[in-house]
Amino acid sequence: MENAGRRSIFIGAGANLAHPTYGSPRETLETAFRDLAGRGVEILRVSPWYRTAPVPASDQPWYQNAVIDVGTDLSPDKLLATLHDVEQVFGRVRTVANAARVIDLDLLDFCGEIASGGPGRATLPHPRLTERAFVLRPLADLCPGWRHPVTGEPIQALLAALPADQATERL
């Protein structure tokens, strides 16, 4: 999506467990954003924060979510590796899909590029972003004119198509 003469790179951020050192999910994610800045990833804008129900619905604690708009000279694959490195440094342990976590950083859209991914390679756009209110709502706040790179669907149409059970509360 064009934004002030540049192509945007969007990263989804979420957590629902406190970190023993960094604190609440939001405090942990904000510290991770500062860590990214030391790795060649400039945080340009941060969406409003949301409190969101787990997807799929479960008895997990609710999440804190935001989307960040970043600038970087890294390739999509290198950026994805950097996101995974930061997750590991901050204690992300991958167990089962959709498990509770202290940090989750997802590469959502890299300048509108389309890539099929594979081991160590970015899938672009993120394959499940259209199914998740916790991604689409903060992304719409940052970029209300965003369109899905593959389908061309506007973000407002994607939001309207979401299931009603995906509760989000803007903080």
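Treat the numbers as computed from the prediction; the structure is a model and nothing was measured.

Now, about the state of the cysteines: what can you tell me, with residues and values included?
The full count for this structure, using the stated rule, is zero disulfides. Looking at Cys143, it has no disulfide partner, and the nearest cysteine sulfur is the one in Cys111, 12 Å off. Residue Cys143 is classed as buried on the basis of its relative accessible area of 8%.

Break down the packing of helix α1 (residues 25–37) against helix α2 (residues 76–89) for me, with residues and values.
Following both chains from N to C, one finds α1 and α2 inclined at 130°, their axes separated by 11 Å at the closest point. Judged by the angle between their axes, α1 and α2 are oblique. Here the hand of the crossing between α1 and α2 comes out right-handed. Each of Ala32, Asp35 and Leu36 in α1 lies in contact with α2, whose residues at this interface are Thr82, Leu83 and Val86. Across the contact of α1 with α2, the residue classes tally to four nonpolar, one polar and one charged.

Describe unusual backbone geometry, with residues and values.
Phi is mostly negative for residues that are not glycine, and the peptide bonds are mostly trans. Between Val55 and Pro56 the backbone carries a cis peptide bond, its omega angle lying at -5°. In this model, Leu124 is joined to Pro125 through a cis peptide bond whose omega is -15°. By secondary structure assignment, the location of Pro125 is in the loop between β9 (121–124) and α3 (133–142). A positive phi angle, near 55°, is found at Cys111, a position not held by glycine. Tracing the chain through its elements places Cys111 in the loop between β7 (104–110) and β8 (115–118).

Rules used throughout
- Residues numbered from 1 in each chain as written.
- Predicted model: local features only at pLDDT ≥ 70, side-chain atom pairs only at ≥ 80, totals over all residues.
- Heavy atoms only, no water.
- Disulfide = S-S within 2.5 Å.
- Buried < 20%, exposed > 50% of the residue type's maximum accessible area, 1.4 Å probe, protein only.
- Axes fitted to C-alpha atoms, helices over the stretch in contact; angles between N-to-C directions.
- Helix = DSSP H or I, 4+ residues; strand = E, 2+ residues; numbered from the N terminus.
- Parallel < 35°, antiparallel > 145°, perpendicular 65-115°, else oblique.
- Left-handed = near helix turned anticlockwise from the far one by under 90°.
- Contact = heavy atoms within 4.5 Å.
- Nonpolar A, V, L, I, M, F, W, Y, C, P; charged D, E, K, R; others polar.

Honestly, it's all geometry; don't read function into it.
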